[in-house]
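# Residue-level structural notes
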Amino acid sequence: MSAAKPSPNQSLGGTLRRLVSGKHRSPLPGFGPGLAVTISWLTVMLFVPLIALIAKSISLTPSEFLAAAWSDRARAAYTLTFGAAAIAAVVDVILGLLFAWVIVRYRFPGRQMLDAIVDLPFALPTAVAGLVYSSLYVKNGWFGQFLVPLGIEGAYSRFAIVLVLVFLGLPFVVRTVQPLLSSLEGDIEEAAASLGASRWQTFMRVILPSLMPALYTGFALAFARGLGEYGSIIFVSTNIPFKSEIAPMLIYSRLEDYKYEEATAIAVVLLAGSITTLMLINWLEARNRRYAR
Amino acid sequence: MHVNSVRTQKTAGKMVANEPLWFRILLISLCYLIASVLIIVPLIYVFVQAFSEGISGWWNNLFNDAETRHSVFLTLIVVPLAVLVNTVCGVAAAWTLTKFKFPGRTLLMTALDLPFAVSPVVAGLMFVLLYNLRTGYFAPMLNAIGLKVIFAWPGLVMATMFVTIPFVARELIPLMQALGDDEELAAVSLGASPWQIFWRVTLPNIKWGLLFGVIQCNARAIGEFGAVYVVSGRIERETYTMALRVEKLFQDYNNPGSYAVASVLTLMALSTLVLKIILERMVAASMEQSSAE
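For clarity, every value in this text was computed on a predicted model and none was experimentally measured.

## What about the overall build of chain A?
Per the secondary structure count, chain A includes 14 helices and zero strands. In chain A, which comprises 293 residues, the proportion classed as buried is 45%. Contacts spanning at least 24 positions in sequence make up 76% of the contacts within chain A whose residues lie at least 6 apart.

Below you can see the structure in the form of structure tokens.
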């Protein structure tokens, strides 16, 4: 918080006076109009919609809210949504670390292509990802013809949901780990090696701990992306209540029935879940960063 | 992000890869295998399917289908509008948040990230709660002036805007923080007007970063599905964007049509990647220049 260091000037009166008179520390122009644009933009696009969501949810009595947000069907949907997003994010952390490691540390043909292609899930519309994943893994699909006989159903199953979320979340981890990995000083590793540490020990005790903050952030971003994802999952999932219905899908089906209150209650739980996770991860990351120093 | 990935290329040379050769080859092959399964094969599959009826079939599916044609047209209206507003406001926000210190600054910074934590479906729901013509909080006002937001293009623009709020501002803030405001201060002391400062000093410094943010914002806006799906009401020839059209054709078992639209979206994503690589180099060069001065 910027208000952490109280000064006489930062009292409410002082703040108001500075806002009104335009006397803030920088002599640069544009504070008033800039702040006005920023606040109006965020108010119309972000704050008012959020307030509408909260207002709608508190218009329900607590028992109505619970009945909508905590029904068996809703609970099954949360479990699937949070579970699939968590599994996918863990897989992404492992794969992302591998990609970042190989791209940063090794020189090999096609390295730059690999580095560039990792960004594709950011740029590709999720509907396209869903469309392709849904047909690659069916019985006569390119991958499905080998996998389905082995009992691996990569389409229209829960595994399919995880699979497409792994695709979507991968660049988040790679792109957060990559800069940290390349800024690691080689001398620490050399020191570890000269003290007799094996390569594996150096990795586990020296490199991995200093990458932890980035891995946490990458996990959080991939996880948050997975929680909210809708576009690709409606292609690859059978969308059956209790079995393969994710929370955003349930919200949509409530909306289609014009049950706005119920949809809102479920949305509040989903939103609270993702904000809590992000805050928790932020805290973990900050703590880790402090210890790493 | 881009600033750091360039550092990758610079410092990576001094890193000595001292894992055994077989181990390095193993990790690199593993990366190639995963990238092929998750990204490269799906990419190829889109084009194989889209051109399964030849180029003329692809062309027919795209341009001789009135609904598909309309979806292209609608996307060309909705996306630029959303990107334009978010770019102008994003620049204003980045300016205000990096050049000035004021109470509530951290709060606004956090708010800019919030859309990442909100499921697109929940975002769409918020706008439905506000703007639907029966029970919406703004319904009386909208009915009075006869404006339809939900199930019409203004809703599509708003939903797309919500999801892409962070992109431009998030790209500019670290860049402008790194650049500092010495040059702007010098311009002020020489008597430059606010517009002169922005157009002649700030904009030339941030132009590549800005373009980078706009391109990412644009890619995300084109691909947006969940939020748009909720507010569109899916009315033929009225509220289908290209991403929604992919899903509709897929539901109608029109695979060639669906893949034809998907292939155009994929081409857009690929050009985004290429532009990103070019811009990353430009940004790195301009950062180098400013730090050398």
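## Some details on the overall build of chain B
Helix and strand content of chain B: 14 helices and zero strands. Scanning chain B from its N terminus toward the C terminus, one meets helices and strands in the order α-α-α-α-α-α-α-α-α-α-α-α-α-α. In terms of overall dimensions, chain B has a C-alpha envelope of 65 × 60 × 30 Å along the principal axes. For chain B, the proportion of its 293 residues judged to be buried stands at 47%.

## Re the environment of Leu244(B)
Residues and elements named next belong to chain B. Assignment of secondary structure puts Leu 244 in helix α13 (residues 242-251). Given 23 C-beta atoms within a 10 Å radius, Leu 244 is considered buried. For the pair Leu 244 and Ser 271, spaced 27 residues apart in sequence, the C-alpha to C-alpha distance is 21 Å. In this view, Leu 244 contacts Val 228, Tyr 229, Ser 232 and Arg 234; residues no more than four positions away in its chain are not counted.

## Topic: the interface of chain A and chain B
Contacts between chain A and chain B engage 81 residues on the former and 84 residues on the latter. A total of 15 residues in the side of chain A that touches chain B trace back to one element, the largest contributor, which is helix α2 (residues 31-58) of chain A. For the side of chain A that touches chain B, the residue count by class is 58 nonpolar, 17 polar and six charged.

## Details of the confidence of the model for chain A
Low-pLDDT portions of the prediction should not be read for the details of their coordinates. All names here are of chain A. Here chain A averages 87 in pLDDT, while 90% of its residues score no lower than 70. Within chain A, helix α1 (residues 12-21) has the poorest average pLDDT of any element, 55, and helix α4 (residues 72-105) the best, 96. Within the model, pLDDT remains below 50 along residues 1-9, and this stretch shows nine contacts once partners closer than five positions in the same chain are excluded.

## Looking at the nonpolar core
Val164(A), Ile251(A), Ile266(A) and Leu125(B) are the most contacted members of the largest nonpolar core, which has 174 residues in total. Ignoring anything within four residues of it in the chain, the contact list for Ile251(A) reads Ala263(A), Ile266(A), Ala267(A), Val121(B), Val122(B) and Leu125(B).

## Considering the environment of Val173(A)
Residues and elements named next belong to chain A. Inspection of the secondary structure assignment puts Val 173 in helix α9 (residues 158-183). Counting along the chain gives 69 residues from Val 173 to Val 104, while the straight-line C-alpha distance between them is 14 Å. If near-sequence neighbours (up to four positions away) are discounted, Val 173 is found in contact with Asp 92, Val 93, Gly 96, Gly 218 and Ala 222.

## Examining the environment of Trp283(A)
Residue and element names in this part refer to chain A. Inspection of the secondary structure assignment puts Trp 283 in helix α14 (residues 260-292). A tally of 11 C-beta atoms within 10 Å means that Trp 283 is categorised as exposed. A sequence separation of 40 residues divides Trp 283 from Lys 243, and the C-alpha atoms of the two residues are 34 Å apart.

## Brief notes about the packing of helix α4 (residues 66-99) of chain B against helix α9 (residues 166-179) of chain B
All names here are of chain B. α9 packs onto α4 with a crossing angle of 30° between their chain directions and a minimal axis gap of 8 Å. Read as a crossing pair, α4 and α9 show a hand that is right-handed. In this structure, α4 contributes Asn 86, Thr 87, Gly 90, Val 91, Ala 93, Ala 94, Leu 97 and Thr 98 to the contact, and α9 contributes Phe 167, Val 168, Ala 169, Leu 172, Ile 173, Met 176 and Gln 177. When the residues that make up the contact of α4 with α9 are grouped by side-chain class, the tally is ten nonpolar, five polar and no charged.

## Details of unusual backbone geometry
At Phe151(B), a position not held by glycine, the phi torsion is positive, near 65°. Relative to the elements of secondary structure, Phe151(B) occurs in the loop between α7 (139-145) and α8 (153-164).

What counts and what doesn't
- Residues numbered from 1 in each chain as written.
- Chains lettered and ligands numbered in written order.
- Predicted model: local features only at pLDDT ≥ 70, side-chain atom pairs only at ≥ 80, totals over all residues.
- Helix = DSSP H or I, 4+ residues; strand = E, 2+ residues; numbered from the N terminus.
- Buried ≥ 20, exposed ≤ 12 C-beta atoms within 10 Å, placed from the backbone.
- Contact = placed C-beta atoms within 7 Å.
- Nonpolar A, V, L, I, M, F, W, Y, C, P; charged D, E, K, R; others polar.
- pLDDT = per-residue confidence, 0-100.
- Core = buried A, V, L, I, M, F, W, Y, C linked by C-beta atoms within 7 Å.
- Axes fitted to C-alpha atoms, helices over the stretch in contact; angles between N-to-C directions.
- Left-handed = near helix turned anticlockwise from the far one by under 90°.

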